Amino acid sequence: MPFLPVLFSVGYSGSWGQAKLSAEDFVDKAAALGFRGVMLGGKRPHLNPLDWDADARTRLRDRIARHGFERVYVAAYNNITGDLEHSEVPGRDIQALYITELARLCRDIGGHMVRVFTGYEHPSAGYLPQWNMVVSTLKECAKRAAEYGVVLGVQNHHDIGVDWRSQRDLIQAVDEPNCKALFDAWSPALQGADLAEAARNMAPLTYHTTIADYQQRPRFVYEPEVINFQARTPYSQAVPMGEGFIDYKTFLTTLRDNGFVGSVAYEMCSPLIGGGSEENLDRYARRFLKYLAALGPDHEPRQQWRSPALADSRDLHRCHGSHAPCSPIARWGSIA
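Residues numbered from 1 in each chain as written. Predicted model: local features only at pLDDT ≥ 70, side-chain atom pairs only at ≥ 80, totals over all residues. Heavy atoms only, no water.

## Focus: the packing of helix H1 (residues 23-33) against helix H2 (residues 54-67)
Move 1: Contact geometry of H1 with H2 gives a least axis separation of 10 Å together with a crossing angle of 5°. In this view, H1 runs roughly parallel relative to H2, as classed from their interaxial angle. Residues Glu24, Asp25, Val27, Asp28 and Ala31 of H1 form the contact with H2, whose own contacting residues are Leu60, Arg63, Ile64 and His67.
Move 2: A class-by-class count of the residues in the contact of H1 with H2 yields four nonpolar, one polar and four charged. (Axes fitted to C-alpha atoms, helices over the stretch in contact; angles between N-to-C directions. Helix = DSSP H or I, 4+ residues; strand = E, 2+ residues; numbered from the N terminus. Parallel < 35°, antiparallel > 145°, perpendicular 65-115°, else oblique. Contact = heavy atoms within 4.5 Å. Nonpolar A, V, L, I, M, F, W, Y, C, P; charged D, E, K, R; others polar.)

## Some points on the pairing of strand E1 (residues 4-8)
Move 1: Of all five residues that make up E1, five are buried, and the element is covered over most of its length.
Move 2: The alternating pattern of E1 places Leu4, Val6 and Phe8 and Pro5 and Leu7 on opposite faces, both of which are buried.
Move 3: Relative to strand E10 (residues 263-266), E1 runs parallel, the two being bridged by four bridges. Bridge pairing in E10 places leucine 4 opposite serine 263.
Move 4: Note: E1 against strand E2 (residues 37-41), three bridges, orientation parallel. Looking across to E2, one finds that leucine 7 is bridged to valine 38.
Move 5: Remark: the E1/H1/E2 crossover connection has right-handed handedness. (Buried < 20%, exposed > 50% of the residue type's maximum accessible area, 1.4 Å probe, protein only. Pairing = 2+ DSSP bridges. Right-handed = clockwise from strand over helix to strand, strands pointing away.)

## Structural notes on the packing of aromatic side chains
Move 1: Scanning all chains against the criterion turns up ten aromatic pairs.
Move 2: Seen from their ring centres, tyrosine 12 and phenylalanine 26 are 5.9 Å apart, and the 50° between their planes marks the pair as tilted. With a gap of 14 residues between them, tyrosine 12 in the loop between E1 and H1 and phenylalanine 26 in helix H1 connect regions that are remote in the sequence. Phenylalanine 26 shares its class with tyrosine 12; the two are buried.
Move 3: Between tyrosine 248 and phenylalanine 251, the ring centres sit 6.4 Å apart and the planes meet at 80°, which makes this aromatic pair edge-to-face. Of this pair, tyrosine 248 and phenylalanine 251 both sit in helix H8 (residues 248-257), three residues apart, which is roughly one turn of that helix.
Move 4: Assessed through its relative accessible area of 0%, phenylalanine 251 is described here as buried.
Move 5: Among the aromatic residues, ring-to-ring pairing joins Phe35, Tyr266 and Phe288 into one connected group.
Move 6: Against the face of tyrosine 77 rests lysine 43, its NZ or CZ located 3.9 Å from the ring centre.
Move 7: The ring of tyrosine 77 has arginine 115 lying over it, and the distance from NZ or CZ to the ring centre is 4.9 Å. (Phe/Tyr/Trp six-rings, centres within 6.5 Å; stacked < 30°, edge-to-face > 60°. Lys NZ or Arg CZ within 6 Å of the ring centre and 35° of its normal.)

## Notes on the confidence of the model for the chain
Move 1: Of all residues in the chain, 88% attain a pLDDT of 70 or more, and the chain-wide mean is 90.
Move 2: Between residues 298-336, whose pLDDT stays under 50, and residues either more than four places distant or in other chains, the model counts 104 contacts. (pLDDT = per-residue confidence, 0-100.)

## Digging into the pattern of salt bridges
Move 1: By the definition in use, this model includes 16 salt bridges.
Move 2: Through salt bridges that share partners, Arg92, Asp93, Glu140 and Arg144 make up one connected network. (Salt bridge = Lys/Arg side-chain N within 4 Å of Asp/Glu carboxyl O.)

## Let's talk about the sheet that holds strand E5 (residues 151-155)
Move 1: A barrel is described by the order of its strands in space; here eight strands give the closed sequence E1-E2-E3-E4-E5-E6-E7-E10, paired in parallel fashion. Each adjacent strand pair in this sheet contributes to an overall mean axis angle of 30°, direction not counted.
Move 2: Across the sheet, helix H9 (residues 278-293) lies against E1, strand E7 (206-211) and E10, angled at about 150° from E10, the strand it touches most.

## A closer look at the side chain of threonine 206
Move 1: Checked against the element boundaries, threonine 206 lands in strand E7.
Move 2: Accessibility expressed as a relative area gives 2% for threonine 206, which makes it buried.

## Re H2
Given 3.6 residues per helical turn, the α-helix brings residues three or four places apart onto the same face.
Move 1: Taking 1.5 Å of rise per residue, the 14 residues of H2 would be expected to cover 20 Å, and the 20 Å separating its terminal C-alpha atoms lies within 8% of that figure.
Move 2: The complete set of buried residues in H2 reads Ala56, Arg57, Thr58, Leu60, Arg61 and Ile64.
Move 3: For H2, the capping residue at the N-terminal end is aspartate 53, with a side-chain oxygen 3.2 Å from the backbone nitrogen of aspartate 55.
Move 4: In the segment just after H2, glycine 68 is the residue with positive phi, at about 70°. (Expected span 1.5 Å × (residues − 1). Polar contact = N/O pair within 3.5 Å; in protein donor to acceptor, adjacent residues only side chain to side chain.)

## Examining the pairing of E7
Move 1: With six of six residues buried, E7 lies mostly within the body of the structure.
Move 2: As paired strands, strand E6 (residues 179-182) and E7 are joined by two bridges and run parallel to one another. Counted as the bridge partner of alanine 181 is threonine 206 from E7.
Move 3: Here four bridges tie E7 to E10, and the two strands are oriented parallel to one another. Considered in E10, the bridge of isoleucine 211 is made with tyrosine 266.

Spelled out as structure tokens, the structure:
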């Protein structure tokens, strides 16, 4: 495959009424389907740090290691600008603590990267103060994640930095070597951006991308006084890879041709055509693997950021269950 395929556990989380697997069963499922990496949701029912003590983390790390996964990620569900209307609540500090604890958990299970969001624009503050809050919080979180040998990956999902130019500006403003872009095609495609131009510019900054395909379903509201319908924002319906409107072939090949050799996750985060049975989820996941394989041959791995102060990832496995004084790991070395 031209990219390293990763399966995101949100698809098996039951979040939209679909089949639900435990974190352990999901890891086994991803291996059985043929994925080379996993992304585990950093909330219940999968990886809430409150639910995973040292022994549980060791068992999960060993389970992951037995499958030989090359990439292991944890996905935060944060909103740095949330609850700004209550200034007495330290929301920014709470967000930073949550992300830091996920970085610790990621290290403990042998992982490489924590996916984070930015923030949704909040009416209680102007754009620039919210931008500055996001930048400063991500900078602090990146520094703390580096102590655990973990990449902080910023996805273009929430409002702040969702445009590809703004995401590029954001990564450059944070200016930490382990803070990388997780640049997805979904947002720019919905915004009507030129995917090739966006991918060409973002490729050097991008560590990982997550994909899912969609078809647009028109929506209308009937207005009886004019005996007609008013158009509303279309609904995005998740469909199997290659059946939607997002030009992933152009997006992924342009990323690759401009220096990106990274991992690509598949997510099923909204209702699918065919329903939410485990069998249908598996069918979509296998379709993704076939789609990715059809894009071309493997490319040579490249080195991504690693701190010279951190040990090789093999050091963790020599700890045999000890989490702390074992050297933190720079697990974002060769991606493939």
